[in-house]
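Working through the structure, step by step
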Amino acid sequence: MSTPHQYRIIPRDPGAHLFEVTVTVAKPDPAGQVFSIAAWVPGSYLIRDLSRHVVAIRASTEGQEIALTKIDKSSWQADACEAAITLTAEIHAYDLNVRGAHLDTTHGFFDGACMFPAVVGQEDHPCRVEILPPVGLAGNEWRVATSMKVVDAEQYGFGTFSASDYADLIDHPVEMGNLLIGEFEACGIPHTIAVRGHAHFDMARICHDLSTLCTYQLQLLGIPKNLDRYVFLLYVQNDVYGGLEHGWSSSLACSRRNLPGRGDAGVSAKYRRFLGLCSHEYFHLWHVKRIKPAKFTPCDLRAEIHTGLLWVFEGITSYYDHLVLVRCGLITTTSYLEHVAKSITRLARTRGRLRQSIEESSFDAWSRFYRQDANSSNAIVSYYTKGALVALALDLTLRKESDGRCTLDDVMRECWSIWGESGEGMPERGLETVARAVSGLELADFFERYVRGTTELPLQGLLKEVGVNLRMRAATGRKDTGGSPEAEGNTPPPWIGATLADRAGSSRFRVVHSGSPAEEAGIAPGDVAVALDDLTLNAANLDERLREHHVGDTVTVAAFRDEHLMRFSVKLSAPPEDTCDLKLDGNPDSRTETMRSAWLSGD
Ligand SMILES: [Zn+2]
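Residues numbered from 1 in each chain as written. Predicted model: local features only at pLDDT ≥ 70, side-chain atom pairs only at ≥ 80, totals over all residues. Heavy atoms only, no water.

**Things to note about the environment of Thr454**
Looking at the element boundaries, Thr454 is found in the loop between α12 (444-451) and α13 (459-465). Owing to a relative accessible area of 28%, Thr454 belongs among the partly exposed residues under this scheme. It is 6.8 Å that separates the C-alpha atoms of Thr454 and Arg355, two residues lying 99 residues apart in sequence. (Helix = DSSP H or I, 4+ residues; strand = E, 2+ residues; numbered from the N terminus. Buried < 20%, exposed > 50% of the residue type's maximum accessible area, 1.4 Å probe, protein only.)

**Examining the sheet that holds strand β9 (residues 101-103)**
Strands belonging to one sheet form pairs held by backbone hydrogen bonds; the direction of such a pair is parallel or antiparallel. Here four strands make up an open sheet; going across it, the order is β9-β10-β16-β13 and the pairing antiparallel. The open sheet has two free edges, formed respectively by β9 and β13 (143-146), since each of these has just one partner strand. Strand-to-strand twist of the sheet, defined as the mean angle between neighbouring strand axes without regard to direction, takes the value 10°. Here four bridges tie strand β10 (residues 107-110) to strand β16 (residues 174-177), and the two strands are oriented antiparallel to one another. Following the sheet pairing, Phe109 is matched in β16 by Glu175. (Pairing = 2+ DSSP bridges. Axes fitted to C-alpha atoms, helices over the stretch in contact; angles between N-to-C directions.)

**Observations regarding α12**
Those residues of α12 not exposed but buried are Phe446, Phe447, Tyr450 and Val451. Each buried residue of α12 sits inside an arc of 95° when the element is viewed along its axis, so together they form one side. For α12, the elements touching its buried residues are α5 (310-327), α7 (358-363), α9 (385-401) and α11 (430-439). (Arc of directions from axis to C-beta. Contact = heavy atoms within 4.5 Å.)

**Things to note about the coordination of the zinc ion**
For the zinc ion, every protein donor is listed as His280 (NE2), His284 (NE2) and Glu314 (OE), and the spread of their distances is 2.0 to 2.1 Å. Here the donor residues of the zinc ion are spaced in sequence according to H-x3-H-x29-E. An identical accessibility class is assigned to His280 and His284; each is buried. (Donors = N, O, S within 2.8 Å, 3.2 Å for Na, K, Ca; no water.)

**Thoughts on the pairing of strand β19 (residues 230-237)**
Burial of β19 is extensive: seven of the eight residues sit out of reach of the surface. The parallel pair strand β18 (residues 189-196) and β19 is bridged by helix α3 (residues 203-221), and the resulting crossover is left-handed. Pairing of β19 with strand β21 (residues 249-255), which is carried by seven bridges, proceeds in the parallel orientation. Pairing of Val236 across the sheet is with Cys254, part of β21. (Right-handed = clockwise from strand over helix to strand, strands pointing away.)

**A word on the environment of Leu220**
Looking at where Leu220 falls in the secondary structure, it is placed in helix α3. The class of Leu220 is buried, set by a relative accessible area of 6%. Taking the C-alpha atoms as reference, Leu220 lies 44 Å from Ala26; in sequence the two are 194 residues apart.

**Some points on unusual backbone geometry**
If a residue is not glycine, its phi is most likely negative; likewise, a peptide bond is most likely trans. The omega torsion across Thr297 and Pro298 is 0°, close enough to zero to call that bond cis. For Pro298, the location among the structural elements is in the loop between α4 (269-283) and α5. Its identity as a non-glycine residue notwithstanding, Glu62 has a phi of 45°, on the positive side. Mapping Glu62 onto the fold places it in the loop between β4 (54-61) and β5 (64-66). Residue classification places Glu62 among the exposed residues on the basis of a relative accessible area of 69%.

**A short note on a nonpolar patch on the surface**
A surface patch of nonpolar side chains, about 200 Å² in accessible area, is lined by Val530, Phe560 and Leu565. Looking at the secondary structure, you find Leu565 in strand β28 (residues 564-571). (Patch = residues over 30% accessible without salt bridge, like charges linked within 9 Å, V, L, I, M, F, W, Y side chains within 5 Å. Areas by Shrake-Rupley, 256 points an atom, 1.4 Å probe, with all protein chains shown as cover. Salt bridge = Lys/Arg side-chain N within 4 Å of Asp/Glu carboxyl O.)

**Section: the packing of aromatic side chains**
Within this structure, the stated rule accounts for 23 aromatic pairs. Geometrically, the ring pair formed by Tyr7 and Phe116 is edge-to-face, given 5.2 Å between the ring centres and 80° between the ring planes. Here Tyr7 is found in strand β1 (residues 5-13), whereas its partner Phe116 is found in the loop between α1 (112-115) and β11 (118-119), with 109 residues between them in sequence. Side by side, Tyr7 and Phe116 carry an identical accessibility label, which is buried. Both rings, one in Tyr45 and one in Trp366, keep their centres 5.7 Å apart while their planes meet at 70°; by these two values the pair is edge-to-face. Residue Tyr45 is located in the loop between β3 (34-36) and β4, and its partner Trp366 is located in the loop between α7 and α8 (376-379); the two are separated by 321 residues in the primary sequence. According to the relative accessible area criterion, Tyr45 is buried, its value standing at 2%. Relative accessible area serves as the criterion here: at 5%, Trp366 is assigned to the buried category. (Phe/Tyr/Trp six-rings, centres within 6.5 Å; stacked < 30°, edge-to-face > 60°.)

**Remarks on the pairing of strand β12 (residues 127-131)**
Here β12 shows a buried face lined by Cys127, Val129 and Ile131 and an unburied face lined by Arg128 and Glu130. The sheet contact formed by β1 and β12 spans five bridges and is parallel. By the bridge assignment for β12, His5 is matched with Cys127. Summarising the sheet, β12 and strand β15 (residues 159-163) pair through five bridges and their orientation is antiparallel. Paired with Val129 across the two strands is Phe161, which belongs to β15.

**Quick look at the side chain of Thr22**
Following the sequence through the fold, Thr22 ends up in strand β2 (residues 18-25). With relative accessibility at 7%, the residue Thr22 sits in the buried group. Setting aside residues no more than four positions away along its own chain, Thr22 makes contact with Gln6, Tyr7, Arg8, Thr86, Leu87 and Thr88.

**Side note on the sheet that holds β2**
Taken in spatial order, the eight strands of this open sheet run β5-β4-β8-β2-β1-β12-β15-β14, and their pairing is mixed. Where the open sheet ends on each side, the last strands, each with one partner, are β5 and β14 (149-153). For this sheet, the mean angle separating the axes of adjacent strands, direction not counted, is 25°. Across six bridges, β1 lies against β2 in antiparallel orientation. Along β2, the bridge assignment pairs Asp13 with Leu18.

**Quick look at α3**
Over its 19 residues, α3 runs 27 Å from end to end, which matches the ideal 27 Å to within 8%, given 1.5 Å per residue. Burial within α3 is extensive, with 14 of its 19 residues counted as buried. With a side-chain oxygen positioned 3.3 Å from the backbone nitrogen of Ala204, the residue opening α3 is Asp202. Gly222 occupies a position one or two residues after α3 and carries a positive phi of about 100°. (Expected span 1.5 Å × (residues − 1). Polar contact = N/O pair within 3.5 Å; in protein donor to acceptor, adjacent residues only side chain to side chain.)

Bear in mind that shape data such as this cannot, by itself, settle questions of function.
So this is what it looks like as structure tokens:
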């Protein structure tokens, strides 16, 4: 067996946000050992050039410093030497992001890709990691939460950990600080949730609910052989939301408003969102961490890897994240349908759905989805939002065409049995092949239209088959995101086709929809709104101003572009029916009722 690389992490200077990381290589490359730092973080398809956070780096052997030459933006080569070599780097950590690294006097967090230099050519060696307490914070009560395997450390303590190779090393984010810890079991496997941030919430309830949803997922797809523990790392702040999946853990961030208070009953839309986030990242434990796109095996973190499959891994995961909640009884059917209706609304308001397929959106994630600008909504489509609705359409198509014999669950179980633990990845057309094989249906048309094409999804007809009525209507105002019938008497205002957002004391046009009255009049994203027909105009009163007019009226919008006051003549049109409500059919026939119950119960 190869000699393990010895890593050590020290929160060297919390006040200056500096971690020190060292790695000692027993048998360096005789031609001069190369070390590199990842350009991107697995699960997040953006070149981040993490090496830019390295503020100092040096190498030594037998106590003597040796030359280290930077050979490209992310790599360094040490002078040739025969004895063990130690690389020491100081890394600035002030990125409060689930994919980043952050250190201050209150806590430390890092994603492994940000922190551990790879020993190039020896990435398959096992690793030992010593994680030391912060320097200069006497009397601190920091604890450590990570899914990394413990070699020598007390529970939630500093100490020594291990990883089987470099890919495993960077798959266990580490949180350290004053942590609130909750523990529970799912299918006999110990699970932990470690929370950082000022929040008062009902930990017992969260543990109970997470246990319910984790147990359901473990039973749905089968317990991975190597899953002997799982850790949710949660950072709670005022206004954050996001997550990143790992094989034995996930990094989550949410607002304290997403968490249930002690004594709260029911599941609010905000708590549903939190449960959906946990459910999403947990589903990834199978779907992207163990079943992977073939293009990610092996995974080169120095440059982009293009695959048309991100919609499969993010879209199907986004479909299941809330479906699981209704199936295991954590949310009601009404609450689930509200969530789906909001997704349909989001897609209907994205004009880019008519320009870009989800396969293209996946392939171009690096340069388009992860680098959005004011025109994105007109030009691209989210492989999460549309991917989840394509998964819904595929599930309902399989159920309908096979008379309920075959479902997306069957397809997912087959994907798991083929690629879950084989070490091989899913080929680009892998899902399609499996779906056709499992169902015996000819699905080429489905994939051609909805995955590789931009044909509108046939959701109205498919939902009808499971006794759900889909209705599209005009929005009643900027806060109307679909999912519930419009308030009575709240008529939709005429359409200008642009949104306003408040920033730094002014309201700016944010999205100007293609083909809209605003676009035709010449209004552009970034213009600072001043007035509509000589009355003040801002994000809060736009709906009210528009409601004073009728479809077909021409109004004058005044706005600053840079320092120049401009006037636009805008002819208001009828609002598009881009808002969705879903309602259960109160009187389904018995076939419909059976299909609906099978879909929502998973039985
Ligand atoms: Zn995801």
